[in-house]
Amino acid sequence: MGMGAGMMLGGIDLVALAAMLMVASTPILLAATGELIAEKAGVLNLGVEGMMIMGAIGGFAGAVLTGSPAVGFVAGAISGALMALLFGFLTQVLLSNQVATGLALTLFGLGLSALIGKGFEGVRPPATGKLDLGALGDLPVLGPILFRHDWVVYFSLGLVVAVWLFLHLSRSGLILRAVGENHEAAHALGYRVVAVRMGALAFGGALAGLGGAYLSLVRVPQWTEGMTTGAGWIALAIVVFGSWRVERVLLGAYLFGGVTVLQLRLQAAGYAIPVQLLSMAPYVITIVALVIISARHRHGAQAAPAALGRIFHASR
Amino acid sequence: MNRRSFLTTTAIAATALSLGLGGAALAQEPLKVAFMYVGPVGDMGWSFQHDQGRQAVDAAYGGKVVTSYVENVPEGPDAERVLTQMALAGNKLIFATSFGYMDAVMNVAAKFPDVRFEHATGYKRADNVATYDARFYEGRAVIGTIAGRMTKTNKIGYIGSFPIPEVVQGINSAFIHARKVNPAVEMKVVWAYTWFDPAKEADAAAALIAEGVDVLMQHTDSTAPQAKAQEAGIYTFGQASDMSAFAPAPRISSIIDNWGPYYVARVGAMLDGSWASTGSWEGIGAGAVGIGEISSAVPAEVKAEAEALAAAIGAGTYHPFTGPLNKQDGSPWLAAGEVADDGALSGLNFFVEGITAQMPQ
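Treat the numbers as computed from the prediction; the structure is a model and nothing was measured.

Calculation criteria
- Residues numbered from 1 in each chain as written.
- Chains lettered and ligands numbered in written order.
- Predicted model: local features only at pLDDT ≥ 70, side-chain atom pairs only at ≥ 80, totals over all residues.
- Heavy atoms only, no water.
- Helix = DSSP H or I, 4+ residues; strand = E, 2+ residues; numbered from the N terminus.
- Expected span 1.5 Å × (residues − 1).
- Buried < 20%, exposed > 50% of the residue type's maximum accessible area, 1.4 Å probe, protein only.
- Arc of directions from axis to C-beta.
- Salt bridge = Lys/Arg side-chain N within 4 Å of Asp/Glu carboxyl O.
- Patch = residues over 30% accessible without salt bridge, like charges linked within 9 Å, V, L, I, M, F, W, Y side chains within 5 Å.
- Areas by Shrake-Rupley, 256 points an atom, 1.4 Å probe, with all protein chains shown as cover.
- Pairing = 2+ DSSP bridges.
- Axes fitted to C-alpha atoms, helices over the stretch in contact; angles between N-to-C directions.
- Core = buried A, V, L, I, M, F, W, Y, C linked by side-chain atoms within 4.5 Å.
- Domains from an automatic or database assignment.
- Contact = heavy atoms within 4.5 Å.
- Polar contact = N/O pair within 3.5 Å; in protein donor to acceptor, adjacent residues only side chain to side chain.
- Right-handed = clockwise from strand over helix to strand, strands pointing away.
- Buried area = accessible area lost by both parts, 1.4 Å probe.

1. Examining helix H10 (residues 300-315) of chain B
Residue and element names in this part refer to chain B.
Phase 1: Helix length check: H10, at 16 residues, gives a terminal C-alpha distance of 22 Å against a target of 22 Å (1.5 Å per residue), a fit within 8%.
Phase 2: For H10, every residue scored as buried is listed here: Val302, Ala306, Leu309, Ala310, Ala312 and Ile313. Buried residues along H10 cover an arc of 165° about the axis, so they all sit on one side. What points out from H10, more than 90 degrees from its buried face, is the exposed set Ala300, Glu301 and Ala315.

Dropping the structure here:
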């Protein structure tokens with residue numbers, strides 16, 4: 001339906017499939033990239049689901065109230081960042097347990113978003129336009145796959161590149177990693193561990209919030225209570241199985257989104273593959289692929305930042 | 001992938017608090033009735049409608065009854081835990097409103113013989129366990145008729161939740177009646193394996209739309225497919241709740257679950273001591289299944305045809321599963337004029353002839 005003449009394989013339009021894949025993967029990619037930065041700084045924030053759902057309602061409310069999807073996305077990012085800063089205050093300043101606080105953040109976010117969202121049920125958000133890339137969008141095959149999306153899709157991909165460059169080539173990226181590997185050494189060198197971690201958390205929260213807003217403004221698009229239904233947990237898992245490397249997080253998110261969309265398309269096309277197998281395929285394939293890649297490079301098991309989840313206090 | 005909202009467990013906490021006062025129970029203490037929902041009451045679909053029924057109980061009995069609910073209870077071990085909590089908190093009548101709670105209800109009911117349980121859409125009963133269901137397939141026959149008339153691509157999409165009899169009845173009934181008015185109709189089925197997951201329901205809708213479907217039905221609980229259909233400019237039907245926010249299009253009609261009368265009657269039976277374990281299965285005739293307003297997007301003659309069918313089903317002069325009907329593999333199921341009995345329907349696990357989608361086994 002209006003997807004243009006695509007490449008057909010076994011009755012499935014691959015071009016339309018690839019385009020759907022990118023939309024389905026974007027919320028998880030955003031949240032996982034954000035969590036990667038937080039964990040690289042040594043903070044384990046299990047509240048991704050809570051930050052995402054707050055981003056979903058914050059973004060939805062912002063877009064509906066102002067009529068501007070762009071304002072909505074900013075509001076979603078701010079909502080997620082505020083949640084992350086709350087987590088940061090509890091874990092970095094008050095030194096609470098990160099696992100327990102993260103779980104609490106998820107529950108808090110789910111409840112608070114349901115409360116805020118009461119007035120937004122059944123409301124339609126303003127449509128997020130696709131970027132007009134001119135002639136690029138008219139290219140055969142590549143046009144519909146790559147060049148007819150909204151800006152958030154491109155932003156998320158650009159972000160992966162930026163995060164890779166930041167972590168590997170920049171001085172601040174090195175400081176962030178140092179804080180995550182050995183906070184006492186970083187502190188001894190004069191780096192402000194808590195400040196770095198608060199910054200990383202806020203960045204991670206903003207991205208989780210943006211992912212949530214993408215869910216409520218583009219992928220679904222509407223507000224429904226509890227609408228993230230575990231996307232945050234998938235993002236967390238992808239960071240671990242992607243052994244804390246942003247390029248693998250991208251692969252994991254696209255694999256998960258891709259197989260999710262593919263299995264639904266195979267069902268719709270009436271393929272005689274057991275539905276139960278199709279249904280669990282996204283989880284199995286993503287985990288197996290990422291584990292194999294990590295195992296091949298041996299250091300997978302040791303890839304976790306050494307100070308991940310440990311409490312830092314400058315007195316030691 | 002399930003999660004539960006702890007905000008609402010405050011309802012349970014509140015009742016648990018009052019348990020401490022249970023020893024001092026007075027004869028005039030109000031009857032406590034609890035409801036367990038599989039999704040959030042804000043799903044605007046299945047759980048929303050059950051909660052409307054709960055509110056009808058509140059309105060009908062005022063101070064004589066205290067109701068509470070827990071939402072987002074996954075179908076699994078958590079269900080048993082929540083039911084146990086509800087029973088311990090002094091609730092005397094507990095409504096478990098999803099098929100997958102069946103074994104949890106039976107287990108907990110065996111431990112609390114003094115507490116009465118009501119399980120929606122299941123088939124296992126005990127002295128203190130009743131079951132209740134609505135004949136949604138009657139509504140499906142009506143919207144199937146509309147779908148068959150409205151499709152231009154002759155492809156109707158159906159988002160299934162789980163391959164259980166209730167859902168299979170709906171797919172068969174919709175297909176039979178769409179075919180009846182449009183012999184070229186095909187039905188595409190996608191199983192979401194969830195009752196409530198807006199993102200997945202939206203993806204399922206998008207997959208069906210990419211397959212060329214221009215009329216979409218759903219047996220999942222959120223309005224996400226409605227939003228996707230609106231983007232694509234195709235037609236849908238409200239599911240469980242009227243979903244009138246999406247009228248006049250994409251939503252062109254709806255199947256409305258109306259649990260209020262049943263809940264009010266059963267709570268009344270508790271109050272006057274006449275409660276007994278029964279299996280209730282009402283449809284359009286008794287008002288348990290409603291057909292939402294057929295919108296202006298539907299031509300008048302199609303609307304009239306659908307309304308006539310609904311009236312015939314309601315009056316009991318027509319049964320949606322009337323032979324001749326063959327099973328999907330071509331073997332005979334119902335002879336000409338034969339009507340499916342309730343036993344066969346409540347265990348229905350096959351598609352009828354003409355549906356090409358496969359049934360998960």
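2. Overview of the pattern of salt bridges
Phase 1: Within this structure, the stated rule accounts for 17 salt bridges over all chains.
Phase 2: Between Glu247 of chain A and Arg245 of chain A there is a salt bridge; the shortest N-O distance is 3.0 Å.
Phase 3: According to the relative accessible area criterion, Glu247 of chain A is partly exposed, its value standing at 31%.
Phase 4: Between Glu231 of chain B and Lys228 of chain B there is a salt bridge, with the nearest N and O atoms lying 3.5 Å from each other.

3. What about a nonpolar patch on the surface?
Residue and element names in this part refer to chain A.
Phase 1: On the surface, a nonpolar cluster with roughly 600 Å² of combined accessible area is contributed by Leu131, Leu133, Leu136, Leu139, Leu142, Leu146, Trp151 and Phe155.
Phase 2: Looking at the nonpolar patch, the elements that each hand over two or more residues are helix H6 (142-146) and helix H7 (151-169).
Phase 3: Residue classification places Phe155 among the partly exposed positions, given a relative accessible area of 35%.

4. So, the sheet that holds strand E9 (residues 235-240) of chain B
Residues and elements named next belong to chain B.
Phase 1: As summarised here, the arrangement of the six strands in space is E7-E6-E8-E9-E10-E12, forming an open sheet in which the pairing is mixed. Taken across any chain shown, the strands that pair with only one partner, and hence form the sheet edges, are strand E7 (186-191) and strand E12 (289-292). Averaged over all pairs of adjacent strands, the angle between strand axes in this sheet comes to 15°, irrespective of strand direction.
Phase 2: Where strand E6 (residues 155-160) lies against E7, six bridges are found, and the strand directions are parallel.

5. Points about the nonpolar core
Phase 1: Leu83, Phe117, Phe321 and Trp333 of chain B are the most contacted members of the largest nonpolar core, which has 99 residues in total.
Phase 2: Looking at which element gives the most residues to this core, the answer is helix H5 (residues 136-150) of chain B, with eight residues.
Phase 3: Each of domain 1 (10-134) and domain 2 (136-257 + 290-346) of chain B accounts for three or more of the residues forming this core.
Phase 4: Once residues lying within four places of it in the same chain are set aside, the contact partners of Phe117 of chain B are Leu83, Ile94, Val105, Val108, Ala109, Phe112, Asn128, Val129, Ala130 and Trp275 of chain B.
Phase 5: Core analysis: the next-biggest nonpolar cluster, separate from the first, contains 70 residues, Ala38, Ala63, Val220 and Leu236 of chain A among them.

6. Describing the sheet that holds strand E3 (residues 93-96) of chain B
Residue and element names in this part refer to chain B.
Phase 1: One open sheet holds the six strands; their spatial order is E2-E1-E3-E4-E5-E11, and the pairing between them is parallel. Each edge of the open sheet is held by one strand with a lone partner, namely strand E2 (65-70) and strand E11 (279-282). Here the average twist between neighbouring strands, direction ignored, is 15°.
Phase 2: Here strand E1 (residues 31-36) pairs with E2 via six bridges, running parallel. Residue pairing across strands places Leu31 opposite Val65, the latter belonging to E2.
Phase 3: Together, E1, E2, E3 and strand E4 (116-120) form the strand contacts of helix H3 (residues 77-88), whose direction differs from that of E1 by roughly 170°.
Phase 4: Across the sheet, helix H9 (residues 260-271) touches E1, E2, E3, E4, strand E5 (129-134) and E11, and the angle it forms with E3 is around 155°.

7. Considering the side chain of Gln267 of chain A
Phase 1: Along the chain, Gln267 of chain A falls in helix H12 (residues 246-268).
Phase 2: Classification of Gln267 of chain A by relative accessible area gives buried; the value is 5%.
Phase 3: In this structure the side chain of Gln267 of chain A is engaged in a polar contact, spanning 2.4 Å, whose partner is the backbone nitrogen of Trp191 of chain B.
Phase 4: Beyond its immediate sequence surroundings of up to four residues, Gln267 of chain A is in contact with Val275 and Leu278 of chain A together with Val189, Val190 and Trp191 of chain B.

8. Considering the pairing of E1 of chain B
All names here are of chain B.
Phase 1: Counting buried positions along E1 gives six out of six residues, so the element sits mostly inside the fold.
Phase 2: Burial of E1 is two-sided: the residues Leu31, Val33 and Phe35 facing one way and the residues Lys32, Ala34 and Met36 facing the other way are all buried.
Phase 3: The handedness of the E1 to E2 crossover, carried by helix H2 (residues 46-61), is right-handed.
Phase 4: Pairing geometry for E1 and E3, over four bridges, is parallel. Residue pairing in the sheet places Val33 in a bridge with Leu93 of E3.

9. A word on the domain arrangement of chain B
Residues and elements named next belong to chain B.
Phase 1: Taken domain by domain, chain B holds domain 1 (10-134) and domain 2 (136-257 + 290-346).
Phase 2: Put simply, the middle of domain 1 and the middle of domain 2, counted by C-alpha atoms, are 30 Å apart.
Phase 3: Taken together, the 14 residues of domain 1 in the interface contact 15 residues of domain 2.
Phase 4: Between domain 1 and domain 2 lies a buried interface of about 1200 Å² when both sides are counted; carbon and sulfur atoms form 62% of it.
Phase 5: Along the contact surface separating domain 1 from domain 2 lie zero salt bridges.
Phase 6: The tally of links from domain 1 across to domain 2 stands at five residue pairs in polar contact (both at pLDDT 80 or more).
Phase 7: Within the residue set of the side of domain 1 that touches domain 2, elements represented by two or more residues are H2 and E5.
Phase 8: With three residues, the single largest contributor to the side of domain 1 that touches domain 2 is H2.

10. Details of the environment of Ile176 of chain B
Residues and elements named next belong to chain B.
Phase 1: Secondary-structure assignment places Ile176 in helix H6 (residues 165-181).
Phase 2: Ile176 gets classed as buried once you look at its relative accessible area, which sits at 10%.
Phase 3: Note: C-alpha distance between Ile176 and Lys200 (24 residues apart in sequence) is 27 Å.
Phase 4: Those residues in contact with Ile176 that sit more than four places away from it in its chain are Pro320, Phe321, Leu325 and Val352.

11. Structural notes on the side chain of Thr228 of chain A
Residue and element names in this part refer to chain A.
Phase 1: On the secondary structure map, Thr228 appears in the loop between helix H10 (193-219) and helix H11 (231-241).
Phase 2: On the basis of relative accessibility, which here comes to 2%, the residue Thr228 falls in the buried class.
Phase 3: Polar contacts involving the side chain of Thr228 include one to the side chain of Glu49, which spans 2.8 Å.
Phase 4: The contacts of Thr228, once residues within four sequence positions are left out, are Glu49, Met52, Ile53, Leu110 and Leu215.

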